[in-house]
Amino acid sequence: MTAIDRIDTPRPPAPAGMTRPRFHLTPRRNWMNDPNGLVHHGGLWHVYYQYNPESPDWGNMSWGHATSPDLLRWTEHPVALRYRDGEQVFSGSVVASRTPEDGTLTALYTSAYDDQHQAQSRATSTDGGWTWDRDPANPVLDRGTAAFRDPKVTRYVDNEGRARWILVAVEADDRQVLFYESSDLREWEHLSTFGPIGPKGVVWECPDLLRLPVDGGDEERWVLLLSTNPVGEHPDPDGSSMSYVVGDFDGREFTADEARLVRLDHGRDLYAGVTFDRTPSGEAVLLAWMNNWRYAHEIPTSPWRGAMSLPRRLDLTRSEGRYLLRQAPVGEVAEWLRAAVPSTVPGVAQPFEHRSGGHLLCELGWDPRSTGPLTVRLNAGAGAEVAVRHEVATGELRVTRTGPAAESVHPDFPTVSTAALSSDRPARLLVSLDGSLLEVFVNGGEQCISNLVPFGPGPVTVSVDTSGRGPVTITTVDPVVHLPATPPD
Ligand code: FRU
């Protein structure tokens, strides 16, 4: 078998407990966490990811590998970088050579040694990402510390047109991001250190540095993405989350506009997100792990555990004197919705009900001034219900994941997530449900709420009601009709 053949083992039994997604990436079996080495290369989207090749629990960390032509239909491949005696392969990134005719991919990843020491190592692939050679000089970037990890490399071109590689990595326990530069991806020079800022009692993980235009114009700002996870004696039961900081990067140093972390997603299950190298359109596309370290080990799925979010295009807009990072699904999702026929219902007189197979896209448009509060209920039976409600009085969208099914997952699983949603202008929601993954995008991604939901196999009924008579426009899509007949391998 060559490395690019599919692994031809029998299809695993149907998952127990929470349902396996169809248009999100999950491994066929065993444990997955962070996305690693995201790169578009040779016409394919490559995703490497934190993977335990031997068990549905965290451990033996290696880089799994999957590819997709379109970010929705995934094929899993053999493990790309396997753990070794005394060394696990933690998170990192991949960049494609910018020299024409040179198809080399370079991975920078964290070697997590059994003696509690973490340092950055390097591997290269000259066959398009299928097989990798580790650098005999590894580790190539070592501070002799215990929590130096998650290198993310990006290409930086200065005002004089001089290009170089910038690597950001965390000293996780110190809540710091370290900036390095290199011209050959081998030798790294320390440039500066950012942090600590924001709440204590967390580690910083999986940084990323992006340059984004503001509202699609000429102005550009830099964004530092971060994942934070509570640690210490009484860690925050809300667990892991992602944040961002907007500022400037002059090629050496990142300067924040304001010394505060802004929450990227208001749900409980979006972590370790980073962006792809070399997207065809040059846009920033984020992929994140849809889980939370607080209960990740107890998610009732089998024989797989762990899923990625929908890939999201990131852009910056200016809103109320601040920069706001928006995120919206990329690719065919928008086309599927455009091709579907919307229904317009007077919310109160004719409550809307739709039975789905548990995989669904639902777009809603309404004007809160004429509908009043609006509620979307997703009911999977057996005590599993999630409500998405716009509270007109407080200008909030609330996603409620409570009840017996949620309680049975973990004591900290039941939750109410909230995000701002103005009551005095027309509103739009995109609700994506893929088995046990729920992502809610508010007003074109100005706010997002991403949550696992305790839905087993079987139908899910969607209902929409309002308290006022104003119309609600609802478009539903069954994504499964657009996907291959068999579930993803
Ligand atoms: C984030 C993280 C990273 C680390 C990896 C280990 O979820 O803790 O900091 O590299 O997971 O699997």
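Residues numbered from 1 in each chain as written. Predicted model: local features only at pLDDT ≥ 70, side-chain atom pairs only at ≥ 80, totals over all residues. Heavy atoms only, no water.

Asker: Please clarify how the state of the cysteines should be interpreted in this entry.
Answerer: Simply put, the disulfide is a covalent bond whose two ends are the sulfur atoms of two cysteines. One pass over the structure, following the stated rule, counts zero disulfides. For the unlinked cysteine Cys 362, the closest cysteine sulfur is that of Cys 448, found at 16 Å. (Disulfide = S-S within 2.5 Å.)

Asker: Hey, could you run me through the sheet that holds strand β33 (residues 460–466) in this one?
Answerer: The six strands are arranged β24-β33-β26-β27-β28-β29 in an open sheet whose pairing can be described as antiparallel. Edge strands, defined here as strands with exactly one partner in the open sheet, are β24 (352–356) and β29 (415–420). The mean inter-strand angle of the sheet, taken between neighbouring strand axes irrespective of direction, is 15°. (Pairing = 2+ DSSP bridges. Helix = DSSP H or I, 4+ residues; strand = E, 2+ residues; numbered from the N terminus. Axes fitted to C-alpha atoms, helices over the stretch in contact; angles between N-to-C directions.)

Asker: Would you take a moment to explain empty space enclosed by the protein for this structure?
Answerer: With a probe scaled to a water molecule rolled over the atoms, the places where space remains empty come into view. If you walk through the whole model with that rule in mind, you get three cavities of 30 Å³ or more. Space inside the largest cavity adds up to approximately 60 Å³. If you go around the largest cavity, the residues you meet are Pro 35, Asn 36, Ser 91, Gly 92, Asp 150, Pro 151, Lys 152, Cys 206, Pro 207 and Val 274. Those elements giving two or more residues to the lining of the largest cavity turn out to be β1 (30–41), β5 (87–96), β9 (148–157) and β13 (202–213). Counting residues per element, the lining of the largest cavity draws most heavily on β9, at three residues. Split into classes, the residues belonging to the lining of the largest cavity amount to five nonpolar, three polar and two charged. The volume enclosed by the second largest cavity comes to roughly 40 Å³. Around the second largest cavity, the lining residues are Met 18, Met 290, Asn 291, Ile 299, Thr 301, Trp 304, Gly 306, Ala 307, Ser 436 and Leu 452. Taken together, the residues of the lining of the second largest cavity sort by class into six nonpolar, four polar and no charged. (1 Å grid on protein atoms, 1.4 Å probe; cavity = no way out; pocket = protein on both sides within 12 Å on 5 of 7 lines; lining within 4 Å. Points joined across faces, edges and corners; volume = space filled by probe spheres on them. Nonpolar A, V, L, I, M, F, W, Y, C, P; charged D, E, K, R; others polar.)

Asker: Where do I start with the site of the ligand in this structure?
Answerer: Inspection of the region around the ligand gives Asn 33, Asp 34, Gln 50, Trp 58, Phe 90, Ser 91, Arg 149, Asp 150, Glu 205, Tyr 271 and Trp 293 as its neighbouring residues. Within the side chain of Gln 50, an N or O atom sits 2.7 Å from an oxygen atom of the ligand. The separation between an oxygen atom of the ligand and a polar side-chain atom of Trp 58 is 3.0 Å. Of all the elements in the fold, those that place two or more residues in the shell around the ligand are β1, β5 and β9. Here the residues of the shell around the ligand are counted per class, giving four nonpolar, three polar and four charged. (Near = heavy atom within 4 Å. Polar contact = N/O pair within 3.5 Å; in protein donor to acceptor, adjacent residues only side chain to side chain.)

Asker: Mind showing me how you'd approach the packing of aromatic side chains here?
Answerer: A ring pair, where both rings are aromatic, is described by two values, the distance of the centres and the angle of the planes. If you walk through the whole model with that rule in mind, you get 18 aromatic pairs. Ring geometry for Tyr 295 versus Phe 413: centroids 5.0 Å apart, planes at 70°, classification edge-to-face. Here Tyr 295, found in the loop between β19 (284–289) and β20 (304–305), pairs with Phe 413, found in the loop between α3 (404–409) and β29; they are 118 residues apart in sequence, far enough to count as distant. Overall, the relative accessible area of 1% leaves Tyr 295 in the buried class. (Phe/Tyr/Trp six-rings, centres within 6.5 Å; stacked < 30°, edge-to-face > 60°. Buried < 20%, exposed > 50% of the residue type's maximum accessible area, 1.4 Å probe, protein only.)

Asker: Just to check I follow, could you spell out the domain arrangement of the protein for this structure?
Answerer: The domains assigned to the protein are domain 1 (5–329) and domain 2 (333–480). For domain 1 and domain 2, the distance between their C-alpha centroids amounts to 29 Å. Tallying the contact residues gives 36 residues for domain 1 and 40 residues for domain 2. Summing both partners gives a buried area of about 3,000 Å² for domain 1 against domain 2, and 61% of it is carried by carbon and sulfur. (Domains from an automatic or database assignment. Contact = heavy atoms within 4.5 Å. Buried area = accessible area lost by both parts, 1.4 Å probe.)

Asker: Help me out: how do you make sense of the environment of Leu 360 in this one?
Answerer: Positionally, Leu 360 belongs in strand β25 (residues 359–366). With a relative accessible area of 1%, Leu 360 lands in the buried category. Sequence separation of Leu 360 and Gly 435 is 75 residues, and the distance between their C-alpha atoms is 8.7 Å. Once residues within four sequence positions are removed from consideration, Leu 360 is found in contact with His 354, Val 431, Ser 432, Leu 433, Val 462, Thr 476, Val 477 and Pro 479.

Asker: What's the story with the layout of surface pockets in this structure? I'm lost.
Answerer: Quantified by volume, the largest pocket comes out at close to 680 Å³. For the largest pocket, the lining is made up of 28 residues, of which Ser 319, Arg 322, Tyr 323, Leu 324 and Gln 447 are closest to its centre. Among the secondary structure elements, those contributing two or more residues to the lining of the largest pocket are β15 (241–249), β17 (262–263), β21 (312–319) and β22 (322–329). By residue number, the principal contributor to the lining of the largest pocket is β22, which donates four residues. Residues lining the lining of the largest pocket come from more than one domain, with at least three contributed by each of domain 1 (5–329) and domain 2 (333–480).

Asker: It is not clear to me how unusual backbone geometry should be interpreted in this structure. Could you clarify?
Answerer: What you tend to see is this: most non-glycine residues have negative phi, and most peptide bonds are trans. Pro 139 follows Asn 138 through a cis peptide bond whose omega is -5°. With respect to the element layout, Pro 139 can be found in the loop between β8 (133–134) and β9. Of note, the bond from Gly 195 into Pro 196 is cis; its omega dihedral lies within 30 degrees of zero at 0°. As for its position among the elements, Pro 196 is in the loop between β12 (189–194) and β13. One non-glycine residue, Asp 215, lies in the positive phi region at around 50°. Along the chain, the position of Asp 215 falls in the loop between β13 and β14 (220–230). Given a relative accessible area of 45%, Asp 215 falls into the partly exposed group.

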